[in-house]
Amino acid sequence: SRSVQVMSYNICTFKQVQVREAYFKHWNQAEVDLIGLQESRNPTSKVQDVSYYLRIVSAGLRGSYGCELLVRKHGALGHVDFKNITVLVDEPRLLIVRVTTCSNDVICIVGHAPHQQSDDQIEWWVHFKVTVTKLPPRVSKLVFLDANLQVPPGVQWPLGPNGSLK
C-alpha cells in the first residue's frame, strides 16, 4: 500500500468540460487521491462520477466561490463509491466531506477564506472554527484551504498543535 496523495488548488473556473477532463486525467496519472478545489463557481451542488474521481461540489454564489473535493475511485484509499461519501457541510466557501472505506475514515475540509479586505473575514473564520470544532474528534481531518494569506488576529486555529499558527 502507498501513502494517500493530496493537493489543493484554486482553479478560478472549470467551465470547459475538456479542460476539466484533462486535469482529472493528469491528476489520476499522478495518483493524486484527494483534491480540494476552491473557486470552482458551479451553479449547483452535486455529487457525481467523473471518469477517475467522485466529484463532490458545493454551489458557488452569484458566479463566485464554490468548493469541490475530488476523491479518486481506485487509489490509496481503496475502492471508493457513492456509499463511502457523506457531505457534512455544503456552503459556497466551505465544503466538508467524510470519506469512509474499509481501511480509511477521513474528513476533508475544503475552504476558501475571504480576502483580508473583506467585511466578512472575521465572521468567516469564526464560522470555520465553530464548524470544524463540531466535527467528530477522533476522525482524521485533511484541510484543503485557500486562506488568503492569514488568519485574522484573535482567531485561534481549531485543529490542534499541528495546525497552529504562531
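Please refer to the structure higher up on the page.
Keep in mind the model is a prediction, meaning the values are calculated, not measured. (Residues numbered from 1 in each chain as written. Predicted model: local features only at pLDDT ≥ 70, side-chain atom pairs only at ≥ 80, totals over all residues. Heavy atoms only, no water.)

Help me understand the nonpolar core in this model?
What tends to happen in soluble globular proteins is that the nonpolar side chains get buried as a cluster. In terms of nonpolar packing, the biggest core is built from 16 residues, with L69, V71, I85 and V99 touching the most fellow members. Elements that contribute at least two residues to this core include exactly β4 (53–58), β5 (67–72), β9 (94–100) and β10 (105–112). Residues I96, A113, F128 and L135 belong to the second largest nonpolar core, which totals twelve residues. (Core = buried A, V, L, I, M, F, W, Y, C linked by side-chain atoms within 4.5 Å. Buried < 20%, exposed > 50% of the residue type's maximum accessible area, 1.4 Å probe, protein only. Helix = DSSP H or I, 4+ residues; strand = E, 2+ residues; numbered from the N terminus.)

It is not clear to me how the sheet that holds β5 should be interpreted in this structure. Could you clarify?
Two pairing modes exist for strands in a sheet, parallel and antiparallel, and in both the strands are linked by backbone hydrogen bonds. Reading across from one edge, β1-β2-β5-β4-β3 is the order of the five strands in this open sheet, with mixed pairing throughout. Two strands bound the open sheet, and with one partner strand each, they are β1 (6–10) and β3 (46–50). In this sheet, neighbouring strand axes are inclined to one another by 15 degrees on average, regardless of whether the strands run parallel or antiparallel. In this sheet, β5 lies alongside strand β2 (residues 34–38) in antiparallel orientation, the contact comprising five bridges. Of the residues in β5, the one forming a bridge with I35 is L70. With respect to the sheet, helix α1 (residues 17–29) is in contact with β1, β2, β3, β4 and β5, its orientation differing from that of β4 by roughly 130 degrees. (Pairing = 2+ DSSP bridges. Axes fitted to C-alpha atoms, helices over the stretch in contact; angles between N-to-C directions. Contact = heavy atoms within 4.5 Å.)

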